[in-house]
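Listed below, chain by chain, are the residues.
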Amino acid sequence: MNNDYQLDQEGRLIGATISGIDLNNLDSETVDFLLNALSEHLVLFFRNQSLDPSSLFTLASKFGIPAPYPFVKGVPDFPEVVEVIKRPEDTLNFGGVWHSDTTYMETPAMGALLYGVDIPKIGGDTIFTNMYRVFDSLSTGMQSLLRTLMAINDADNEAIRATRPGSTNKGLHATHPVVRTHPVTKKSLLYINKAHTTRFEGMSERDSAPILDFLFERIMQPEFSCRFQWQPGSLAFWDNRSCQHYPLNDYQGEFRKMLRVSLAGDKPH
């Protein structure tokens, strides 16, 4: 392992910046170090990397099994790697709502890697939130109630559908526990998100709304989050099971291109 690497958490509750590592040259010891760091910090940030679809796929394969994204066709030769592009004339931000990826699937993504290719000089930050801390912030009574509930997650929920213009309706939906146990850390975390969670199992959307709206508001509070400022050559690697993210749409009239790959996950329990 490269002993010159450094990990800087900067006092945050979530997120750590890793320096001194070339993501194109990782040995098994460094991969283990990064996976352990991911479990502890939930999202890892890297600067000054040089990646293309092929090398990003190779990198992702060291951490898990790359998986196609249901709503976007991948690049030639690497269908698991997708381009996330916002053109100057586009007004919407792809995935521009607080969310965990693919919770409408029976086995949602374990994590994802997002790499910055073309980045506006100003704007386009991504906010990440610690779902352990969100759950821990709730009263014991609310925690006990939520542990008894299951949530319906829908790919075609209006909150997220508006950010995917032209995408094909997949009709994907899945039911998951509102409080999930992380398979690695064994800690409890809140596992609902504004983009995909529509209601609680056995309850109507109207009856579910007061509690869901309260929880969605809590997730957005800044004390649980960190904000990452993108640069060309930056990469974020997040644990999709334990954190949520929100891409800011504050760079109208600018071009931005990212490369993204998801990692296959397991069924939440």
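All of these numbers come straight from a predicted model, not from anything done at the bench. (Residues numbered from 1 in each chain as written. Predicted model: local features only at pLDDT ≥ 70, side-chain atom pairs only at ≥ 80, totals over all residues. Heavy atoms only, no water.)

J.: Just to check I follow, could you spell out unusual backbone geometry for this structure?
T.: Phi at Leu-42 takes a positive value of approximately 80°, unusual for a residue other than glycine. With respect to the helices and strands, Leu-42 occurs in the loop between α1 (28-41) and β3 (43-46). You can call Leu-42 buried: its relative accessible area is 1%. Unlike most non-glycine residues, Asn-48 shows phi in positive territory, near 55°. (Helix = DSSP H or I, 4+ residues; strand = E, 2+ residues; numbered from the N terminus. Buried < 20%, exposed > 50% of the residue type's maximum accessible area, 1.4 Å probe, protein only.)

J.: Even after reading the chapter, I still don't get the sheet that holds strand β13 (residues 225-228), so can you show me in this structure?
T.: Sheet strands line up and pair through hydrogen bonds in the backbone, either parallel or antiparallel. Taken in spatial order, the three strands make up an open sheet running β13-β7-β15, and their pairing is antiparallel. Looking at strand neighbours, the two that pair on one side only are β13 and β15 (243-247), the edges of this open sheet. Direction aside, neighbouring strands of the sheet carry axes that sit 20° apart on average. Taken together, the five bridges between strand β7 (residues 126-130) and β15 define a ladder with antiparallel strand orientation. The partner of Phe-128 across the bridge, within β15, is His-245. (Pairing = 2+ DSSP bridges. Axes fitted to C-alpha atoms, helices over the stretch in contact; angles between N-to-C directions.)

J.: Which parts of the structure should I look at to understand the side chain of Ser-234?
T.: By the element assignment, Ser-234 lies in the loop between β13 and β14 (235-239). Apart from residues lying up to four places away in sequence, Ser-234 is in contact with Phe-46, Arg-47, Leu-114, Tyr-115, Gly-116 and Phe-228. (Contact = heavy atoms within 4.5 Å.)

J.: Please clarify how the pairing of β3 should be interpreted in this entry.
T.: If a strand is regular, its side chains alternate between the two faces of the sheet. Burial of β3 is two-sided: the residues Val-43 and Phe-45 facing one way and the residues Leu-44 and Phe-46 facing the other way are all buried. Sheet topology note: the strand β2 (residues 16-19)/β3 ladder contains three bridges and is parallel. When the bridges of β3 are listed, Ile-18 appears paired with Phe-46. Assessed by its sense of winding, the connection that carries the chain from β2 through α1 to β3 is right-handed. Pairing of β3 with β14, which is carried by four bridges, proceeds in the antiparallel orientation. Looking at β14, one finds that Leu-44 is bridged to Phe-237. (Right-handed = clockwise from strand over helix to strand, strands pointing away.)

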